[in-house]
Amino acid sequence: MTSTVMHVRCPDRLPEEIYRNVLELLADLSPVVQALPPSAALVELRGALRYHGTDAHHLGEVLRVRTISRLGVDVRVGIGPSITVAATASAQITAPGGVLAIDPDQATAWLAGLPADALHGIGPRQAQVLREYGVHSVGLLAALPAATVQRLLGGRAGRMAVDRARGIDPRPVVPRTLPASATVRSTFPRHTLDGAEVRTTLLDTVVRLALLMRRRHQAVRGLTLTLKFAGGGRWEKTRRLAEPSAHEDDLRTAAYQLMDAAGLQRGRLTGLALKGEDLIDASQVAEQISLDDAREARLVAEAAVDRVRDKYGPDIIGPAAAFRRAS
């Protein structure tokens, strides 16, 4: 059994916009994200571990690097075999940020050594009652008969407290409140003029955004292109799509139109970002029958490449290469 539940705690009083950006980064790791406003979230990593080809602790560190570098925010990440263990672990991190992963085989023993009020779900009043009866640790709570704890804390609350102290928590992570936007960013190692390198980077960015949308079963209704220039300047413009889409064909066309609208001449770029706006669930997108055989062939190839990536990992086929094969 592998620890697959991640519980993420952001700093208190985090602005809503930044919190939503954190949710976007979580959705980059796994499509199964449960927002816990105003500053926490759950992530189910079972499928993501195979997809990314790494372990849960490393994904937690990847998340921290991204939140710090992109948002200037550190997070506390707890990982365990259940929501209770993961949330309890994240609360045990005393630094502003960190990752604590609890192995499933050690989860019960780890919980047992904690104070009773450290168990996720035990409130201040319940902790006070337990202390009055000499139950100072999670281990003592787990050792008590369920009927005894039910008399102390009440029927349902007592049963739940004993189960969680024993590491029993079958609750699943339920996807909820996916971000209404998604952003993919690229930077240039040196100041770059508009040209082949910029267009290739834009194409890679398009394909990465489209792949993210398909993994999350969402479609974009608008695209925003942001260009960053040497010296700190920036240019930004949004274009609505004729129809919601998560296909590279449609996003590429809109992104190239946005780049053309920038009218770049001698501006030296340091980076660009492509943001999918006004996202909707893919099930709400009407599938249009196309008479364009070339486009249909690209869509078939796109689906085949997605299946290859799902099986062998996201980097088995590079983004730009995937589009060229579909062209």
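Computed from a predicted structure; not experimentally measured.

A. Structural detail: the overall build of the chain. Helix and strand counts for the chain come out as 13 helices and ten strands. Looking at the chain residue by residue over its 327 residues, the buried ones come to 47%. Long-range pairs, those at least 24 residues apart, make up 64% of the contacts in the chain between residues at least 6 apart in sequence. Accessible surface, the chain as shown: approximately 16200 Å² in total, 51% of it carbon and sulfur.

B. Inspection of helix α9 (residues 155-165) at higher detail. Of the positions making up α9, those classed as buried are G158, A161, V162, R164 and A165. Seen from one end, α9 has its buried residues packed into an arc of 170°, which puts them on one side.

C. Layout of the packing of aromatic side chains. Inspection of every chain in the model, using the stated rule, returns zero aromatic pairs. Over the aromatic face of Y256 sits the side chain of R199, whose NZ or CZ is 5.7 Å from the ring centroid. Seen from the ring of Y51, R215 lies directly overhead, with NZ or CZ sitting 4.2 Å from the centre.

D. Representation of the sheet that holds strand β3 (residues 40-44) within the structure. The five strands lie next to each other as β2-β3-β1-β4-β5, forming an open sheet whose pairing is mixed. Of all the strands in the sheet, just β2 (33-36) and β5 (98-101) have a single pairing partner and so form its edges. Across the sheet, the axes of successive neighbouring strands diverge by a mean angle of 15°, strand direction being ignored. As judged from the five bridges shared by strand β1 (residues 5-9) and strand β4 (residues 76-80), these two strands associate in the antiparallel manner. When the sheet's bridge partners are listed, V8 is paired in β4 with V77. Contacts from helix α1 (residues 16-29) reach β1, β2 and β3, with the element oriented near 160° to β2. Of the strands in this sheet, β1, β3, β4 and β5 are in contact with helix α4 (residues 83-91), which crosses β4 at around 150°.

E. Up close: the pairing of β1. Burial within β1 is extensive, with four of its five residues counted as buried. Two elements, β1 and β3, share five bridges in a ladder whose sense is antiparallel. Note on β3: the bridge partner recorded for M6 is V43.

F. Up close: the packing of helix α10 (residues 196-215) against helix α11 (residues 248-262). As a packed pair, α10 and α11 sit with axes 9 Å apart at the nearest point and diverge in direction by 140°. What the angle tells us is that α10 and α11 run oblique. Judged by the twist between their axes, the crossing of α10 over α11 is right-handed. Mapping the contact onto sequence places V198, R199, L202, L203, V206, V207, L209, A210 and R214 in α10 and E248, L251, R252, A255, Y256, M259 and D260 in α11. Per-class residue counts for the contact of α10 with α11 are eleven nonpolar, no polar and five charged.

G. Quick look at the environment of D12. Position of D12 relative to the elements: it lies in the loop between β1 and α1. Through-space distance from the C-alpha of D12 to that of A40 is 9.4 Å; in sequence the pair is 28 residues apart.

Conventions and cut-offs
Note that residues are indexed from 1 along each chain, following the sequence as it is written. In keeping with the predicted nature of the model, local features appear solely for residues at pLDDT of at least 70, side-chain atom pairs appear and are counted solely at 80 or more, and the whole-chain, interface and lining totals rest on all residues. The side-chain figures draw on all heavy atoms in the structure; neither hydrogens nor water molecules are used. A run of DSSP states H or I qualifies as a helix once it reaches four residues; a run of E qualifies as a strand once it reaches two. Both are numbered from the N-terminal end. Relative accessibility under 20% of the residue-type maximum defines a buried residue, over 50% an exposed one, and the middle range a partly exposed one, all with a 1.4 Å probe and only protein chains included. Residues are treated as being in contact if the distance between any of their heavy atoms lies within 4.5 Å. We get accessible surface area from the Shrake-Rupley algorithm with a probe of 1.4 Å; when it comes to residues, only the shown protein chains can shield them. Regarding the arc, it is the one traced by the directions from the helix axis to the C-beta atoms. Stacked, tilted and edge-to-face are the three classes assigned to paired rings of Phe, Tyr and Trp, where Trp is represented by its six-membered ring and a pair needs centres within 6.5 Å; plane angles under 30 degrees give stacked, over 60 edge-to-face, the rest tilted. Throughout this description, the term charge over a ring refers to an Arg CZ or Lys NZ atom that lies within 6 Å of the ring centre and within 35 degrees of the ring normal. Here, any two strands with at least 2 DSSP bridges between them count as paired. Only the stretch in contact is used when fitting a helix axis, every axis being a line fitted to C-alpha atoms; angles between N-to-C directions are given from 0 to 180 degrees. For classification purposes, an angle smaller than 35 degrees is called roughly parallel, one larger than 145 roughly antiparallel, one from 65 to 115 roughly perpendicular, and anything else oblique. Here is the rule for handedness: rotate from the far helix to the near one, and if that takes an anticlockwise turn smaller than a right angle the crossing is left-handed, while a clockwise turn gives right-handed. Residues are sorted three ways: Asp, Glu, Lys and Arg are charged, Ala, Val, Leu, Ile, Met, Phe, Trp, Tyr, Cys and Pro are nonpolar, and all the rest, Gly among them, are polar.

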